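Residue-level listing of the chains:
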Amino acid sequence: MNNTSVTLRLLDKADKEILKLPRTVKGALYDFQHKFKANPQATGLQLKQLKGEGRLWSARVNDEYRALLLRLADGDWLIVSVKHRKEVYENLDRLTYGINQITGGIEYVDLQVVEESVLRRAAPPRPPAVEPAPPTARPAQSEPLFGHLTDQQLTDLGVAEPLVPVIRTLTTEDQLLGLIEYAPQLTGEVLLWLVDGKSYNDVLEQVTAPVAASEPVDTEDFQAAAERPATMVTTTDEALREALEGGSFGRWKVFLHPTQAKLVERDYSGPARVGGGPGTGKTIVALHRVKHLVDQLPPGRTKPVLLTTYNKNLAADLRARLLELGGEALVSRVDISHVDQLALRVVREAEPGSSKQTIDDNQALREWRAMLDELGESGWDADFLHDEWTQVILGQAVVSRTEYFRARRAGRGRNVNRAERADIWQLTEKFTQRLDRLGRQTWAQVAERAARLEMGREQRIQAIERQREEAGGLDNIHLQDGSAAWLRYRYRHIVVDEAQDLQPGHWKMLRSMVARDRNDIFLVGDTHQRIYKQQVTLGSLGINIRGRSARLTLSYRTTRQILEKALEVLEGESFDDLDGNSETLAGYRSVLSGGRPELHASKDWESERDAIAELIATWDDIPHEQIAICVPTNQMAQEVAVTLAHAGIRAVEIGPDGPRGSEGVHIGTMFRFKGLEYQRMIIAGVSEGLVPRQAVIRLQRTDTLRYKRELLRARSLLFVAATRSRDSLAIFWHGTPSRFLEPLLAA
Ligand SMILES: Nc1ncnc2c1ncn2[C@@H]1O[C@H](COP(=O)(O)OP(=O)(O)OP(=O)(O)O)[C@@H](O)[C@H]1O
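It should be emphasised that the depicted structure is a prediction, and the values quoted were computed from it without experimental measurement.

Omega for the peptide link from Val 691 to Pro 692 comes to -5°, which places this bond in the cis form. Relative to the elements of secondary structure, Pro 692 occurs in the loop between β25 (678-683) and α26 (694-702). Look at Ala 397: it is not a glycine, yet its phi comes out positive at around 50°. Its location among the elements puts Ala 397 in the loop between α18 (382-394) and α19 (401-406). Phi at Leu 578 takes a positive value of approximately 75°, unusual for a residue other than glycine. Its place among the elements puts Leu 578 in the loop between β17 (575-576) and β18 (582-583).

Below, the structure written as structure tokens:
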């Protein structure tokens, strides 16, 4: 038998079952897949059809265990389960499979397993956690959870049909969680969203529609179904092997959610953007997108794909994850740089001799203050001038006083009249001269300079292309600017993570680095998590994402209980979609469940720190590196570390390059937590005056617009921190709780 003719895949969720099998069986599975692919009919495999008809077959893994497989077509097999021999035959009529009419995806349900899981949860619910449950309109315990919906409505929402009778028996959320553990993905999502109080129409629109098949579904064509994103299966032999081995296998590498898979594989006619709440897999989608793009490239040694993000730490993380996803072969075709580093490279390439030192915003602010002091200038505040210079002058590439008089200052807060603008212009000129003299430059200057250089480069490339076209497409024509003949766009595709925090200069630079073509720019980000000041309108920067914008809504990271509280932090605010329109988190949900977030009040900072140390001491079953404490200031980070040390708990601080050490509880300020995730998260010092800072509160009297902007940023920081946790969240404060906690405390 020709072994290339046999395809063997594994259905999502079967891998979870495999993980629970004895180690010897996992070893046997590894051999099994080799043998099966070589020849499914080999006598040792004892391949036989179950029930004497249909697509369900069994094959021998070892003396005790059998793999259950669906025969999709000749030589095309799908492992749906691995079971003990006895269990296969005892409950044969409880094994069901089919193609979901709504999504067109293959689903397998073992009714026996589902019912047992529900029964295990039938015991009375656990006592309430620290906080009382909020009053909801949920039915009383003895009433069926889904009595308000007909069978037809449930299946129209995409619920697996064989499960409907069991679903009818559910009366508690705990039982529902038992069912979801073994139910197909969409069934779980739909039922939880309904139980969380969403209406039939909301669920239809937000959960079902995004994964519904775009064409009519033939429920007999299993081979076609296997190719749809709704069927979550391994797609490569390597993924199959990894999943069968169990252990540390990363599900994110293999089982993309159908909505994620669609975004990864789509052919876009221009720049595309993926939004979505924290933990919905935006970074995962960006990584798979990079792989997808590289897979389409002709072989070569160059790096035609750029993967970028806004800081060094995150870029290092992207590199590590991309390596995990596709190995050295994939990484070797991708330039992975954080956006400031990329801009600096461009500037250095143009000015090879330059030895300028690049300084961050804090250093720049110190320079501003020093200069204003020296000039005896007390009319202007350093923060204001620095933002004005960075956001309006550098942000819009304003080069002259006259241009500055006309510049738009949208979202900048207080108005400035003509005389004031003249004043500001003069001060910023003095400031840039001062930096020049000191041999320094800010990152915003680097970004702006890089944007200019790249835009110039693009114009030269376009001029050459025009000349080529005029010369009838010949390549070795005599070009007017011979030196530019070798010029090419730097990249064929650009993928951007954490897009919400890039500045206009960055976008202009990126826009000029890639030709305006299909699949040129793919960006992912969430404006609810914007922690830097700049708001951009991509359309005005030449990046037109209209009609190519999508959103992910299912969190893979954190529990429903944590999401609910995190969303309350953002209550009443509105957000943009990076293109001048508004963005929501509608449909943002999770199928993970856990305890309610804990809220701890203390009388002062010292007792708050003691309470934190006490709480951590009770978590002796969790590796300390999986616990993080987020605080408002560096000083507070150090103070927490000292308290923990007294309590015998090791801690490491998270610096700009990530954690400074490998062992201990991670401590950092809110800014450091972007892109990270932990099993348990503590947010400390969430007191009024710290979150938001007193300086922000003071702005209310002097500059209302800036006050609002800074308030939003402080809110987003707290939101980011709250959504880093996978299992549990504890919020601490002393004195008056932060105003952002009001909705959480009112519940
Ligand atoms: N399809 C998937 N299967 C399994 N795990 C997934 C999947 N997609 C995402 N995850 C996991 O969910 C977590 C969050 O993913 P990711 O970091 O990509 O989210 P994000 O939307 O970029 O989050 P943030 O906006 O907070 O940075 C990670 O642990 C990731 O491995």
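Next comes the rest of the description.
Inspection of the region around the ligand gives 21 residues, with Pro 278, Gly 281, Lys 282, Thr 283 and Tyr 556 positioned closest. Mapped onto the shell around the ligand, the elements with two or more residues apiece are α12 (251-254) and α14 (282-296). For the shell around the ligand, the element with the most residues is α14, which contributes three residues.

Each α-helix winds once per 3.6 residues, and so residues spaced three or four apart point in a common direction. Those residues of helix α9 (residues 200-208) that fall on the buried side of the exposure criterion are Val 203, Val 207 and Thr 208. Viewed along the axis of α9, the buried residues span an arc of 75°, placing them on a single side of the element. Looking at the buried residues of α9, the elements they touch are α8 (185-195).

Next up on the list: the sheet that holds strand β20 (residues 598-602). With respect to topology, seven strands assemble into an open sheet ordered β20-β26-β25-β21-β24-β22-β23, the strand pairing being mixed. In this open sheet, the two edge strands, each paired with only one partner strand, are β20 and β23 (658-659). Here strand β22 (residues 651-655) pairs with β23 via two bridges, running antiparallel. What sits directly across from Ile 654, in β23, is Pro 659. In this fold helix α24 (residues 605-618) packs onto β20, β21 (627-631), β24 (665-669), β25 and β26 (725-734), with an angle of close to 155° to the strand it touches most, β26. Against the sheet, helix α25 (residues 634-646) engages β21, β22 and β24, with an angle of about 160° to β24.

Among the secondary structure elements, Thr 633 is positioned in the loop between β21 and α25. Its 13 C-beta neighbours within 10 Å are what place Thr 633 among the partly exposed residues. Thr 633 sits 52 residues away from Gly 685 along the chain, and the two C-alpha atoms are 9.1 Å apart.

Analysis parameters
- By convention here, each chain's residues receive numbers from 1 onward along its written sequence.
- Local features are withheld for residues below a pLDDT of 70 in this predicted model, meaning they are given only at 70 or higher, and side-chain atom pairs are given and counted only at 80 or more; totals for whole chains, interfaces and linings count all residues.
- A run of DSSP states H or I qualifies as a helix once it reaches four residues; a run of E qualifies as a strand once it reaches two. Both are numbered from the N-terminal end.
- We call a residue near a molecule or strand when its C-beta atom, built from the backbone, sits within 6 Å of it.
- Residue burial is a threshold on neighbouring C-beta atoms within 10 Å of the residue's own C-beta, all placed from the backbone, with 20 or more meaning buried, 12 or fewer meaning exposed, and counts in between meaning partly exposed.
- Arc definition: it is the arc formed by the directions from the helix axis to the C-beta atoms.
- By the convention adopted here, residues are in contact when the distance between their C-beta atoms, placed from the backbone, does not exceed 7 Å.
- The criterion for strand pairing is that DSSP finds at least two bridges linking the strands in question.
- With axes taken as lines fitted to C-alpha atoms, and helix axes fitted only over the stretch in contact, angles between N-to-C directions fall between 0 and 180 degrees.

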